[in-house]
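# Chains, contacts and geometry: an overview
Spelled out, the chains give:
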Amino acid sequence: MDLLTKNKVNSTPLTPLTFLDRAAIVYGDSTSILYGDSISYTWSQTHRRCLQLASSLSSLGIKKGHVVSVLSPSTPAMYELQFAVPMSGAILNNLNFRLDDKSLSVILIHSESKLVFVDILSLSLACNALDLFPENMQRPELVLIEDDTLAPHQIHALPNNTYEGLIAKGDPNFKWIRPDSEWDPITLTYTSGTTSAPKGVVHCHRAAFIVSLDSLVDWSVPNQPVYLWTLQMFHSNGWSYPWGMAVVGGTNVCTRKLDAPTIYRLIETHGVTHMCAAPVVLNILLNFNKAEPLKNTVNVLTGGSSPPAAILTRAEELGFNISHGFGMTELIGVIISCAWKRGWDRLSAVEKARLKARQGVRKAGVAEVDVVGGNGESVKRDGVTVGEIVVKGACVMLGYLKDEKATAQCLKDGWFYTGDVAVMHEDGYLEIKDRIKDVIISGGENLSSVEVEAVLYMHPAVKEAAVVARPDEFWGETPCAFVSLKDELKETPTEKEIKEFCGEKLPRFMIPKTIVFKDELPKTSTGKIQKHVLRKVAGEMGSLSLSLPPPQLLPSRI
């Protein structure tokens, strides 16, 4: 046995790029991409176009290890580039098209990008970002992604190359460049930078391969689903589903608009069966005043922040079958999911929603997940004792580009430390209570902002809610709730009414002591509420106790 070890035959590097070769054979005549009223490709066409594009990238001097960036919404070109760029040997860098020119410039400089594919509507943004480069620094070349579904645009300075032009020049028989090792980088993805400067997360071919397959199995995705891109592909590599759809020969319904009327129309027109969506997108769909129950069930995988049970209940009333999971950019997709048990089907809608709001258990392809205390030991499985979620397995990033200190801070003691505070329930399912930085310590007690937000979302008038700490001279901190209300309300609730509503469902110390009504809550470019902005606003309000009579100690605190 000792003589029988790995060799070149049995240790070929894993890579998700092989999925496309197979799709061209198995699903060659099936629809791969739909976009607008005129664009429709089959898997054999998508395979050929990606080979041609990879060939042209090589002819432009792109080599193994170079970074190639993409600035585009979820269009057909964006989908094809998820394969074509790494097929040329380059490292794919998906950019957030909602960033400003300064942030974009910082990322392009840091990544040392050699080439940027840019959507026609983002061309001026890309040009402005390049203008911010130091004079002595070489700028990446731009390649224009045109779009015939848009009205003609006036462009003063056209790039030398266009997307379709490169495809036309490429060789359809190009031998795409395989990784030398499955630990070779395949993607460079920058975090949203909600609390600090964005960090460049590097993932390898092995991670993309395993997580893509694991995500299909865990979500029970069948062959040839119809998948709607309500999740932007730049968002954590589309949670691995660009590669995963090739495995099952799915139809990718691409769209650049993500408003409620568009999503509902695409669901009905194309018979959508699956979509991924952050809770903010679910909120958009549920608050659409013309929403009607769907004709067919649509399976939705949500994550990004803990969805309140009230949102889950409303979504399922409309015909969305919600699955819930947890992931991070550093984990290349959703790696923990609330695996459903048949026995739970007999429970009430409220109880099912409560269970689905939990993040759940590790997926089968993840080595280990735990919740640990400050001593590094597993917390009690009592649903009360909090700790930090830690992960190990192929899903974990190689590290942060050019940032050894930040890499060492989160990759330590054989684990990836996520920074998320959670409890472990008796049945082995974990539930996130907060980000470490968002826990409110009031009167010596840890208070979960997520739990308070979940109650606020139950109020029929509340559209969005975020809870942060406000300084308090007596208690140290007290919960401060920022709330936006639904449109077209017959009666607008007062601060007192919101507090009374919370008081019916929460201990006294968890009731928000301050309610701030806002038309819109500040969000990142990926739709997450920016709590660090709200914390600053709450901090500028000063101590609540200074403007109130001396507080009386409450029984729940003693």
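Residues numbered from 1 in each chain as written. Predicted model: local features only at pLDDT ≥ 70, side-chain atom pairs only at ≥ 80, totals over all residues. Heavy atoms only, no water.

This next bit is on the overall build of the protein chain. In terms of helices and strands, the protein chain carries 16 helices and 27 strands. Taken over the C-alpha atoms alone, the protein chain extends approximately 75 × 70 × 55 Å along its principal axes. A separation of at least 24 residues holds for 70% of the contacts in the protein chain among residues at least 6 apart in sequence. Carbon and sulfur atoms provide 51% of the accessible area of the protein chain, an area that totals close to 25,200 Å². (Helix = DSSP H or I, 4+ residues; strand = E, 2+ residues; numbered from the N terminus. Contact = heavy atoms within 4.5 Å. Areas by Shrake-Rupley, 256 points an atom, 1.4 Å probe, with all protein chains shown as cover.)

Across a regular strand the side chains alternate sides, sitting on one face of the sheet and then on the other. For strand S3 (residues 67-71), the tally of buried residues reaches five of five residues, placing the bulk of the element in the interior. Between the parallel elements S3 and strand S4 (residues 91-95), the chain passes through helix H3 (residues 76-87) in a crossover that is right-handed. Looking at chain direction, S3 and strand S5 (residues 115-119) are connected through four bridges and run parallel. Paired with Leu71 across the two strands is Val118, which belongs to S5. (Buried < 20%, exposed > 50% of the residue type's maximum accessible area, 1.4 Å probe, protein only. Right-handed = clockwise from strand over helix to strand, strands pointing away. Pairing = 2+ DSSP bridges.)

Taking strand neighbours across the sheet as the criterion, the nine strands line up as S2-S1-S11-S10-S12-S13-S14-S15-S16 in an open arrangement whose pairing is mixed. Only two strands of the sheet have a single neighbouring strand rather than two, namely strand S2 (39-42) and strand S16 (361-362). On the sheet, helix H2 (residues 43-59) packs against strand S1 (31-35), S2 and strand S11 (251-254) and is oriented at approximately 90° with respect to S2. Strands S1, strand S10 (226-228), S11, strand S12 (274-277), strand S13 (298-302) and strand S14 (320-328) of the sheet are contacted by helix H9 (residues 260-270), whose axis makes an angle of about 170° with S10. (Axes fitted to C-alpha atoms, helices over the stretch in contact; angles between N-to-C directions.)

A word on the nonpolar core. Ranked by size, the top nonpolar core spans 85 residues in total, and within it Phe117 and Tyr241 carry the most contacts. Considering each element in turn, this core owes the most residues, eight residues, to H3. Those residues within four positions of Phe117 in sequence are excluded, and the remaining contacts are Leu53, Leu57, Val68, Ser69, Val70, Leu71, Leu81, Val143, Ile145, Tyr163 and Leu166. (Core = buried A, V, L, I, M, F, W, Y, C linked by side-chain atoms within 4.5 Å.)

In this section: the confidence of the model for the protein chain. Mean pLDDT over the protein chain works out to 89, with 92% of the residues at or above the 70 mark. In the predicted structure, residues 549-558 sits below a pLDDT of 50 and forms 15 contacts with residues beyond four places in sequence or in another chain. (pLDDT = per-residue confidence, 0-100.)

A word on the packing of aromatic side chains. One pass over the structure, following the stated rule, counts 12 aromatic pairs. An angle of 25° between the planes, with centres 5.8 Å apart, marks the rings of Tyr264 and Phe288 as stacked. Here the residue Tyr264 occupies a position in helix H9, and Phe288 occupies one in the loop between helix H10 (279-286) and S13, the gap between them amounting to 24 residues. By relative accessible area, which is 12% here, Tyr264 ends up buried. Feature note: the residues Trp219, Tyr227, Trp229 and Tyr241 constitute an aromatic cluster, connected by ring pairs. Here the guanidinium or amino end of Lys199 rests over the ring plane of Tyr400, the centre of that ring lying 5.3 Å away. (Phe/Tyr/Trp six-rings, centres within 6.5 Å; stacked < 30°, edge-to-face > 60°. Lys NZ or Arg CZ within 6 Å of the ring centre and 35° of its normal.)

Glancing now at unusual backbone geometry. We note that Ser220 has phi near 55°; this positive angle belongs to a residue other than glycine. Its place among the elements puts Ser220 in the loop between helix H7 (205-218) and S10.

Those residues of helix H5 (residues 123-131) not exposed but buried are Leu123, Leu125, Ala126, Ala129 and Leu130. Across the axial projection of H5, the buried residues extend over an arc of 160°, all falling on one side. If you follow the buried residues of H5, they end up packed against S3, helix H4 (101-111), S5 and strand S6 (141-145). (Arc of directions from axis to C-beta.)

Moving on, we get to the state of the cysteines. Within this structure, the stated rule accounts for zero disulfides. There is no disulfide at Cys395, and the cysteine sulfur nearest it, in Cys204, is 10 Å away. The class of Cys395 is buried, set by a relative accessible area of 3%. Cys502 takes part in no disulfide bond, and the closest cysteine sulfur to it belongs to Cys480, at a distance of 12 Å. Taking the relative accessible area as the measure of exposure, Cys502 reaches 0% and is therefore buried. (Disulfide = S-S within 2.5 Å.)

Looking at where Glu453 falls in the secondary structure, it is placed in helix H14 (residues 449-458). Of note is the side chain of Glu453, whose polar atom sits 2.9 Å from the backbone nitrogen of Val467. Here the side chain of Glu453 touches Lys531 through a polar contact of 2.7 Å, side chain to side chain. Setting aside chain neighbours within four positions, we find Glu453 in contact with Ala465, Ala466, Val467 and Lys531. (Polar contact = N/O pair within 3.5 Å; in protein donor to acceptor, adjacent residues only side chain to side chain.)

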